[in-house]
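# Descriptive structure summary
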Amino acid sequence: MASRRQWWIGCFAACLIVASGLSLPASAAPPATPTAADAPAAIDFERQIRPLLAGRCGDCHGPDTQESHLRLDVKHRALKGGDFGPVIVAGKSGESELIRRITSTDDKKQMPPDGDRLSAAEIALLQAWIDSGAAWPESEADRLARESDRDPRLDHWAWQPLARPAVPPAPADDSPVRNDIDRFIQSKLAASKLFPAPEADRRTLVRRLSFDLLGLPPPPEDVAAFVADESPDAYEKLVDRLLASPHYGERWARHWLDIAHYADTHGFERDQLRPNAWRYRDWVIKALNTDLRYDDFIRRQIAGDVVAPDDADAVIATGFLAAGPWDFVGQVETKSDVLRRQARADDLDDMITQVMTSTCGVTINCARCHDHKLDPIPQREYYALTAVFAGVKRQDRGTSAAADRQYAQTKADITAGITKARVDVHTLAGKPIDLADIVGGGNGRGTGKKGFGIDPRSGKARDTKAEGFLGDIKVNKLSPGPTPLVNAVFIPNGPGDVPVSTTGLVVKGIPETSVAAWDVIRNGPVNQQFSTKLVSTKLGEVDYAKDSHTILGLHANAGITFDLAEIAKQARLANPRFRGVVGYGGRTAEAGADFFVFIDGELVSQGRIGFDDGGIPLDIPLPPTARFLTLVATDAGNSIGMDQIFFGDARIEGDPAALPPDRQAALAEATGRLEKLEAELNALKEPDKFFGPVAGQPPTVKVNIRGNPETTGDEVAPGTISAAAGLRAVFGDEAVSDGDRRKALADWITAPQNPLTPRVLVNRLWHYHFGAGLVDTPSDFGLGGGKPSHPELLDWLAAEFIARGWSLKAMHRLICTSHTYRQRCVDVPGAAAAAAIDADNRLLWRQNARRLDAESLRDATLAVTGCLNPEMEGPGYRDFDYEEAYAPVYRYVTPDKPDLWRRSIYRFIVRSTPHAFLTTLDCPNPANLTPARLETTTALQSLALLNNDFMLRQAGHWAARLEKEAGDDPVAQVRRGYALALVREPDETELAAAVALVKRAGLPQFCRMLFNANEFIYLD
Amino acid sequence: MTMPDAFPCRLHRGDVSRRNFLWELGGGLGGVALMTLLAEEARAAARVANPLAAKPSMFPAKAKAVINIFCPGGLSHLDTFDYKPELVKRDGTPFDTTGNVQFFASKPGNCQQSYWPFRQHGQCGRWVSDLLPKLAGHVDEMAFIHSMQSKTALHGPAMFMANSGFILPGFPSMGAWVTYGLGSESEELPAFVVLPDHRGLPPGGPVNWGAGFLPAIHQGTVIETAEGRPPIADLFAAEDHATLVAGEPAGREFLAAVNARHLGPRSDNSELAARIAAYELAARLQLSAPEVTNLSGESEIVERLYQLDHPEIGPFGRQCLLARRLVERGVRFVQIYCGAENTAVKKIRPNWDSHEDVVRDHGYWGPILDGGASGLLADLKAHGLLDSTLVMCQTEFGRQPAAQGKGRDHNAGAFTVWMAGGGIKGGTSYGTSDELGFKAEENPTHCYDIHATALQLLGVDHTKLSVYNNGIQRRLTDVHGHVIESIIG
């Protein structure tokens, strides 16, 4: 901390000196203004320019001293510029700081700061040189300076171009070589005087492969078939068969979703559902199963919506960018701009960190507050990457532009038909008067404004959305409405009489309230106190916020009295009635609020309603003498937490029965047409949605000094890191569109010259196949990460990957069919001696023992018991009860029915409330990007496997299966149990012990304990 | 990342063959000799393998354990510990005349003085409001940090920050770091225990006591505080599995035998031995966890001290009493939540987030914190544990000096944290907020300094407790943190 502060102060001080020139005496005479005519026709750089720069600038910007870190005597430094950026802009002398300074008349800026100024001819020469393109042929001295000036961190292995190393020869004629991987591994083993282990037996191999590629145990029948298969390529056929299984995509999607920290809720405080996130999860599974080229796999996830906006498959892939957590409170709910900017900065940090660590193994997040401490990544490049995603926000969106257009068109057509039909109906029957429209300042015929309202304290029209608690209230005080159609508004409080009209009408029966009020009376939903998510505009099946429906929002405590006589002047309606639907506009289950309807002070309807009550229809005839219609909402005596009363389609309508017969027939036709179209509109299925990025033109991005969005520095153009050799790191300027930015990054990541992407991917494959990568930090290929144990093999695999068309399955096949993969991990000759040389088995003198991760353990349990539900795709299973609330509540239940017995990849993942059972078994929290699972061994794990209700019920289901498949004989039951769970026969001793247990404590106890056995949880 | 210790293997070849010999002799039916041998081996493995074994501190520690009381929602410093005479003077006058200030959820109302009068207490004469009369009796043992700030005024991120030093989820919590650095004195109980409010989890949920990128064993273990429920999830099989429970001893004999047999040729894999040992540890936890949560042995004086029979204060008192019992048994870090997440429940807020009505909500929560925390300090002292136990009371941010109706909005600019015991110099304070309690003024500080100070008291240099993760050597205190020397005794 201290050192960083000093660095900043030092930098700041340097800036002051340069900017002010305080310590430097200024020369007296300003130089003559040069003109282009002074410049000679052709410029010889070595003869004319270099001596000028070296001679006139070199004392302060030369080999010995570099004020502002600017050096003008060698090419690469002169063209790079100093602390304030470039000083030479090729082709544009007017924009070049060099020219500005030598022509400046400002004492504090002019250069040189002392001594003679440059002559007009010298200035003209430099201007002409810059305008002609600032050509600077690299001299030997330039080259030497450039090479010695190079940041040594740029020589780090990971940034170097990919080469295809030669395959080393096998150490001996009888070395067990199955493919070139083995030659790399075994030559390295030989160098340490180590030998590869013999191949494992077939049962071990089939169990290893099955968990590795599918995450499931092999069924005993498949084991038997493989063991019996005498064909020379039996193993290769097995690999191919497993790679062709749809379970392969399910297993390997888990790895990718770990890296993408995918979940089905937002996370943070108000951890809301993402009911459509699963489409991205399914896309990953499908992409893996169809072996989508890895470069396309990445390109679509970063810019699928740009390259193929009408292809749902490509668009859904971008769910990747939205997979991580998202803070609703910080981004939407708060009214503070400072907090919003902070939350947005965190949001973008999450996005770029995910993209860069997953694809390139670059820990870009370390350059957010300062230059990367270990890697050659300046802070500016972090913000260049921020600029790539600055236009992207996460939300539910359509899966293809074409489907969205089609839907919009169909909907517009139907809506136009509805409008026509409604006009016909109104022409024939008389158009109803809409009370919500009146509240919005209208005449009841649609001239009112949606969202506008009337303040119940003053009767004044209000046009602002932002109202909360109403202060300075006076209960039972009448205020005339803004138009004659509203006689009065008021804030009611019982239990005494409540006045409702300016003519002195009072009503009885209003209860005592909390003497508080929230929001105005609105033409539309009232504001909710906690979140718009807790507002429901649906009453029953109809959404009154949609189409031509209306909502009169009346939050407790408030009342409004309409003047029916004034309304009658607007429309002549035969036998008028007050019709509509009243309901509760909140989402809490408890009874929320009371409503009352009075005609001329007489109560005609009342009720206490909550969310579950749906809509209560109102249809009240209005006698010809009726003068006042009063609507009241009160708080049900429990304060005004959530008391929004909604009146849907609250209207004064005429009665068609009063019309002549011919008009009645025409009316019936129009009404029928209207109803049919409305039904069509209702039935119109909205286009599919998924949780993904929605992009707009990115705002200007600036460096956040010390990572603080409130203290910004220079503007930054979109780009990426420059450390990787041979790739262009800048994607243009601020005018570049969002789509082009992301496409440029996707192209950069997947360019065949990018040395990181293929290396990172093949290393991930290696990590999952061997339990440790050749680089043991799979998402960090920087200087702080691990060194490759076999750098040549890593590069060879990367080159092979590209040569094999970026095919993941080809690489799996290559790795899994190597002898290295097929080695034993138990009963290895000379193991003790080998362990003394290479205890961590980095050189792979045997295969590593592997433990099942949490999801594989759950899936294996279900597979063994026969409960596994193989249903693929679609919304995830939810093994919890969900309670809608300000912060939703998730309570886990024991998954004991087939719906909840799908594979773990289909689990609906909740961020705020991790699954306790799986978490205990080391399932990571999706707040973290997880390139490698941690494995712990704890007493709590033992308790979970011994006692968790799910495991115990599964033991029961398994026992039932064994009885069904093996009959009543404990010997047969135990044999079948071993075959299913451990992929082998029990030997005599084990059989005796197990049968004794079955007889003594029952078959489920045997099943329960086998789930706890090390052999079930570990793979050889 | 390097694990604290690789697990060196203690199972030599000779042992294995002896075991195999006994296995054959016992015919696989769990002979006494075999079982005894296995139990011995398991214990030996547990000794070497237990990643929670106590580790020496970096320098002599003043505190051995931490009890962290967390008041989620945002405890109002202005109505509790931070006395502001100027706010009394300006009560009812406009707070912001520019109209530019925007709080989390509202525009500022008028200045609002404390809803409870303040008085001076103890020999040190520190000011505490009448909301917390019992705690006020302990001011001579407490140190107040009045210049706390948070990076954010959003509950979720601010909770994460107070607990882990980072506003993003997924970083190791303080309890996880402490047990990572020091292990635990107790072999029978989890090293890091969380006692949530009986109403539910706090904002952000279990992420608040997560292990982040540290091994999962360092995450907080929730102990149920409600009476009559199993204290730890899955501690025992549910009652409807009676047959399985009855047959468990036989089952575990079988399990020990098959695991031993499996281990034979794999004795160089210490993970397998560690996993066998973990079942031994689990068995011990089955004895110790019910013991620690059974309060029947506590005296009536203690029950009264914690107001256990009070319908509102009692549940929190129980959490505090449990914390004392856990620390007494060597648990390293206990976190108690005084409040839960905001829910749609009406009337009183389920935590300190008093937007609508400070008198109603702080008026409810005040006596709860007051009763439990004062009882805890007195009880620790009576048991001679206060000197070695650091008690700290945190919240994610404070509340605004300007009114939001009858409530107060979030204030990340200033709030108060207090610490007591475990080497803290009582009757002291550090830093101040400005005259209205709006922003920290003298010695503004973040949770980093609180964490650094707590680690210092535990004998750990906060700059040295680090783990490499994704490109950087990560610490609880990020790149910040200064030990607040002036509050250390």
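Residues numbered from 1 in each chain as written. Chains lettered and ligands numbered in written order. Predicted model: local features only at pLDDT ≥ 70, side-chain atom pairs only at ≥ 80, totals over all residues.

## Observations concerning the environment of Ala849(A)
The condition that has to hold: Helix numbering and strand numbering both begin at the N terminus, where a helix is a DSSP run of H or I of at least 4 residues and a strand a DSSP run of E of at least 2. Each residue is classified by how many other C-beta atoms fall within 10 Å of its C-beta atom, where C-beta atoms are placed from the backbone; a count of 20 or more means buried, 12 or fewer means exposed, and values in between mean partly exposed. Throughout, a pair of residues is in contact if the C-beta atoms placed from their backbones lie within 7 Å.
Considering the arrangement of structural elements, one finds Ala849(A) in the loop between α27 (831-837) and β22 (850-851). Judged by C-beta crowding, with 18 C-beta atoms within 10 Å, Ala849(A) ranks as partly exposed. Separated by 78 residues in the primary sequence, Ala849(A) and Gly771(A) place their C-alpha atoms 8.1 Å from one another. Beyond its immediate stretch of four places on either side in the chain, Ala849(A) contacts Cys825(A), Tyr1018(A), Leu1019(A), Asp1020(A) and Asn269(B).

## Some remarks on the interface of chain A and chain B
To keep it simple, the criterion reads: Just so you know the grouping, Ala, Val, Leu, Ile, Met, Phe, Trp, Tyr, Cys and Pro go in nonpolar, Asp, Glu, Lys and Arg go in charged, and all remaining residues, Gly too, go in polar.
Counting residues at the interface gives 82 residues for chain A, matched by 75 residues for chain B. For the side of chain A that touches chain B, the secondary-structure elements that each account for two or more residues are α15 (328-333), α16 (337-360), α27, α30 (939-947), α31 (949-966), α33 (988-1001), α34 (1003-1012) and α35 (1014-1017) of chain A. Broken down by element, the residue count for the side of chain A that touches chain B peaks at nine residues, all from α33(A). When its residues are assigned to classes, the side of chain A that touches chain B shows 37 nonpolar, 31 polar and 14 charged.

## Things to note about the pairing of strand β2 (residues 118-121) of chain B
Residue and element names in this part refer to chain B. Threshold: Strand pairing follows a simple DSSP-based rule, namely that at least 2 bridges must link the two strands.
Relative to strand β3 (residues 126-129), β2 is paired through four bridges, and the arrangement is antiparallel. Across the sheet, the residue bridging to Phe-118 is Ser-129, located in β3. Taken together, β2 and the strand that follows it, β3, pair antiparallel across an intervening segment of four residues, in which Gly-122 is found at a positive phi of about 65°.

## Regarding the nonpolar core
Note the following rule: Any nonpolar core is a set of buried residues, restricted to Ala, Val, Leu, Ile, Met, Phe, Trp, Tyr and Cys, that join up through C-beta atoms within 7 Å.
If you look at the biggest cluster of nonpolar residues, it comprises 328 residues, and the most contacted ones within it are Ala323(B), Val334(B) and Ile336(B). Element by element, the count of residues in this core is highest for helix α9 (residues 270-293) of chain B, at twelve residues. Contacts of Ile336(B), omitting those with residues within four sequence positions, involve Ile67(B), Ile69(B), Phe70(B), Leu195(B), Gln319(B), Cys320(B) and Ala323(B). Judged by nonpolar contacts, the second largest core, of 60 residues, contains Ile433(A), Val486(A), Ala516(A) and Phe628(A).

## Quick word on the sheet that holds strand β14 (residues 593-599) of chain A
Residues and elements named next belong to chain A. Put simply, the test is: To get an axis, a line is fitted to the C-alpha atoms, and for a helix only the part in contact is used. The angle between two axes follows their N-to-C directions and goes from 0 to 180 degrees.
Spatially, β5-β12-β17-β14-β15 is the arrangement adopted by the five strands of the open sheet, whose pairing is antiparallel. Each of the sheet's edge strands pairs with one partner strand only, and the pair in question is β5 (486-490) and β15 (602-609). Averaged over all adjacent pairs, the angle separating strand axes in this sheet is 10°, with direction ignored. Here seven bridges tie β14 to β15, and the two strands are oriented antiparallel to one another. Across the sheet, the residue bridging to Phe-596 is Gln-606, located in β15.

## Thoughts on the confidence of the model for chain A
Filter applied, for reference: pLDDT measures how confident the predictor is about each residue, on a scale from 0 to 100.
The predicted model of chain A has a mean per-residue pLDDT of 89, with 95% of residues at 70 or higher. Scored below 50 in pLDDT, residues 1-40 of chain A makes 47 contacts in the model with residues more than four places away or belonging to other chains.

## Digging into the sheet that holds strand β4 (residues 142-148) of chain B
Residues and elements named next belong to chain B. Taken together, the eight strands give an open sheet; going across it, the order is β6-β5-β7-β1-β8-β11-β4-β12, and neighbouring strands pair in mixed fashion. Looking at the sheet topology across the chains shown, the edges are occupied by β6 (221-222) and β12 (428-430). Sheet topology places β4 next to strand β11 (residues 415-420); five bridges connect them, and they run antiparallel. Paired with Phe-144 across the two strands is Trp-418, which belongs to β11.

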